[in-house]
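# Breakdown of the fold
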Amino acid sequence: MKRLAAFFALLFVVSTSFAQEKLPNVILKDINGNSVNLSELSNNGKPIVINFWATWCAPCKRELNTIHDLYEDWKEETGVKIYAISVDDQRTVDKVKPYTNAQGWEYEVLLDTNGDLKRAIGVNNVPFTLLLDGKGNIVWKHNNYNPGDENELYEKIVKLSAE
Amino acid sequence: MKSVNLYIWAACLFAAQFSYAQFDNLQLGTVTGNIESTFQYYQPDSVINAQVPPEKGALNSFANINYRNSFFKAGVRFESYLPVLLGYPQRFKGSGLGYRYAGYSSKSLEVTVGNFYDQFGSGMVFRSFEERQLGIDNAMDGVHLKYRPYKGIELTGLIGKQRFEFDSRLVDGQGIVRGINGEVDFRSLFPVLDSIGLQITAGGSFVSKFQKDQNTQLVLPENVAAYSGRLKVDYKDFFISGEYVLKENDPSQDNGYIYKNGYGVLINAGYSQKGFGILFQAKSIDNMSFRSDRSAGLTDLQVNFLPALTKTHTYNLAATLYPYATIPNGEIAYQTDVMYTIPKGSLIGGKYGTKINMNFSTAYDIKRNTIENDSFLRGYSSTPFGMNSDSLFFRDFNIEISRKFNKKLFVNLVYYNQAFNASANIVAQTLGYIYTNIAVVDVTYKLSKKHSLRGELQGLWTKQDKGDWATIVLEYTISPHWTFGFIDQWNYGNDLLAQRVHYLLGSFSYITGSTRFMLNVGKQRAGIFCVGGICRQVPASNGFTFSFTHSF
């Protein structure tokens, strides 16, 4: 037990002292079958939000639908771009395109069917949100969604885009 | 021994980082990962038949650490079961390394040595994956190569053994799995396709497993090959895709040691435009259990993955009492989804639009034709999509309507009508058909910018198995940190009066950034616990659970 505790303590130190984290060199397909390398994402120096979700995850859909109603304003005010990364596996992945279109979402939707990005980032559960600054550094990570959490995210986006 | 190595490894990384900390611009690479620890304390409860391990408490812990710099990557997963939680594979024990890899990764070439996960096509021929909440992990342990010689072409080769269990370290199964896969993305090769709105992707795989024949009575094939071909065409708002898999004869515990080839066909077609989506899926499989150990059972050592063509439900009475799982020995299944958003501003649509999701799925047994003079022990013969129409395995019709009335009120209504063949999918204590009607009302009300209250009322009505159920969920959240929840599942229609139990559970969680603390206190009913449509049986329990997760 002692070793376990020591190990976790060490982990914290290691994890907080390393260089700025960027997105890894992972290639995912978008819902139209095109390949996208995550390490090459850019939004002209404006912030990027990466949101992990799944068609079977109720809070995820609630979060993305809530932000959907605000997205126009967010884009206009901060220039933010949102990527919705579906972690649906083979059983439900084919529902992603019809679902997102039916919702009218304007996010870039990518498919992490094999969980490569999820593992590389260290995502435990969905929903999971990453916020990237204009240089592509991951500056904030958030797990879960409660109604109102979109305000906290938006405050952070505004702060970034003002920098 | 293994954990000592890990300490040295971590200490070196730390030392390296520390000594270079001044040089801000030096590319030191990044460390990512997560930590997860779940402790459960068990109390006896004879009414719900709650189990108590001799230790009374159980603790599962995981720490994933990935390191990468420009080209190099390496990582480990430290696991600890002191002892393992009930419901997990009980042969997981001790603490140590359950997963480790090192490799090289550039835009055109990726090499991984050690553990890795991958999937070919739909996974019907090969898929290695981890579903930690369920204790499923068939990670490969060997070498993995991915090469992109030209934009739009991807080649994969792999060889390795599969993770089987954990006994203070990773323990692999006996068999060896080898595979190659090629994928071509025609739009990248011929950008002109983009201008006419066409995308074509095609792929093919070869996978083979080797396991020694130590059977004294049968002559078993030591090498078993499987082949797969697939094609996907996207044209503007339409798409159609298909995959065919053929598996050579593979006598196993699952199929009763018959020398018959197996096959799988999967077809998807869809159309979607803004506000509307439709999807049709069809599947026919026969004798497709494919494991690297022919005598393995449960979810052990599976080389492939056979997705169930049913909707993955989220409300607990619909999701966890009678969920359907693919029957690898033979199944024909169809599914249709229709999704529509009634436009906002219209009379029925309201201010924000009203969303409707309809889903219908059904699965049947295959038709097995007897073979005269079956001297090769093939067992039977079948044809793709040839089904036995009085052998319904599962049928589910459901409709979900959701509407945001204003900034404060959101309502979700769902109705399900299901028929479940408990003789084919053993999850209940009865056999035969279980017919259910389920209704859910889910209301979220935002009290203020940060405070919300959510209530769920669910009812399940059936004359079979344990009879009627009701569920009440209340959840009070204060964004962004606090959640207070209460759930009561009540088996009010059970034929046995003593079993008309309230399963009460209180929960509390605190979240900050990517850290979450959660405490649950109360009763959990025996049932099926599912993540993303893969399920495991969990025994009834009474007590409390504390969990901690953190990502970095």
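The shown structure was predicted, so the numbers you read here are calculated from the model rather than taken from an experiment.

The rules we used
- Residues numbered from 1 in each chain as written.
- Chains lettered and ligands numbered in written order.
- Predicted model: local features only at pLDDT ≥ 70, side-chain atom pairs only at ≥ 80, totals over all residues.
- pLDDT = per-residue confidence, 0-100.
- Helix = DSSP H or I, 4+ residues; strand = E, 2+ residues; numbered from the N terminus.
- Contact = placed C-beta atoms within 7 Å.
- Nonpolar A, V, L, I, M, F, W, Y, C, P; charged D, E, K, R; others polar.
- Buried ≥ 20, exposed ≤ 12 C-beta atoms within 10 Å, placed from the backbone.
- Pairing = 2+ DSSP bridges.
- Axes fitted to C-alpha atoms, helices over the stretch in contact; angles between N-to-C directions.

### Remarks on the confidence of the model for chain A
Chain-level statistics for chain A give a pLDDT mean of 89 and a share of 88% at 70 or above. Put simply, helix 1 (residues 2–17) of chain A is where chain A has its lowest mean pLDDT, 56, and strand 4 (residues 81–86) of chain A is where it has its highest, 98.

### Focus: the interface of chain A and chain B
By a widely used convention, the size of an interface equals the accessible area lost when the partners come together. Taken residue by residue, the interface counts 55 residues in chain A and 78 residues in chain B. When contributions to the side of chain A that touches chain B are tallied by element, the ones reaching two or more residues are helix 1, helix 2 (58–78), helix 3 (96–103), helix 4 (116–121), strand 7 (138–143) and helix 5 (149–162) of chain A. It is helix 1 of chain A that contributes the most residues to the side of chain A that touches chain B, 10 residues altogether. Of the residues in the side of chain A that touches chain B, the class split is 21 nonpolar, 23 polar and 11 charged.

### Let's talk about the environment of Ser547 of chain B
All names here are of chain B. Structurally, the position occupied by Ser547 is in strand 31 (residues 541–551). Taking the C-beta count within 10 Å as the criterion, Ser547 has 16 such neighbours and is therefore assigned partly exposed. In the structure, Ser547 is positioned 351 residues away from Ile196 in sequence and 52 Å away in space, judged by C-alpha atoms. Ignoring anything within four residues of it in the chain, the contact list for Ser547 reads Ser37, Thr38 and Met518.

### Concerning the sheet that holds strand 2 (residues 35–37) of chain A
Residue and element names in this part refer to chain A. Read across the sheet, 7 strands follow the order 2-1-5-4-3-6-7 without closing on themselves; strand pairing throughout is mixed. Two strands bound the open sheet, and with one partner strand each, they are strand 2 and strand 7. For this sheet, the mean inter-axis angle between neighbouring strands, taken without regard to orientation, is 30°. Judged from the 5 bridges that link them, strand 6 (residues 128–132) and strand 7 form a sheet pairing that is antiparallel. Its bridge partner lying in strand 7, Thr129 is registered against His142.

### Remarks on helix 3 of chain A
Note that an α-helix has 3.6 residues per turn; residues three or four places apart therefore point the same way. All names here are of chain A. Summarising burial for helix 3: 8 of the 8 residues are buried, a large majority. Of the positions making up helix 3, those classed as buried are Val96, Lys97, Pro98, Tyr99, Thr100, Asn101, Ala102 and Gln103. At the C-terminal side of helix 3, Gly104 shows a positive phi close to 80°.

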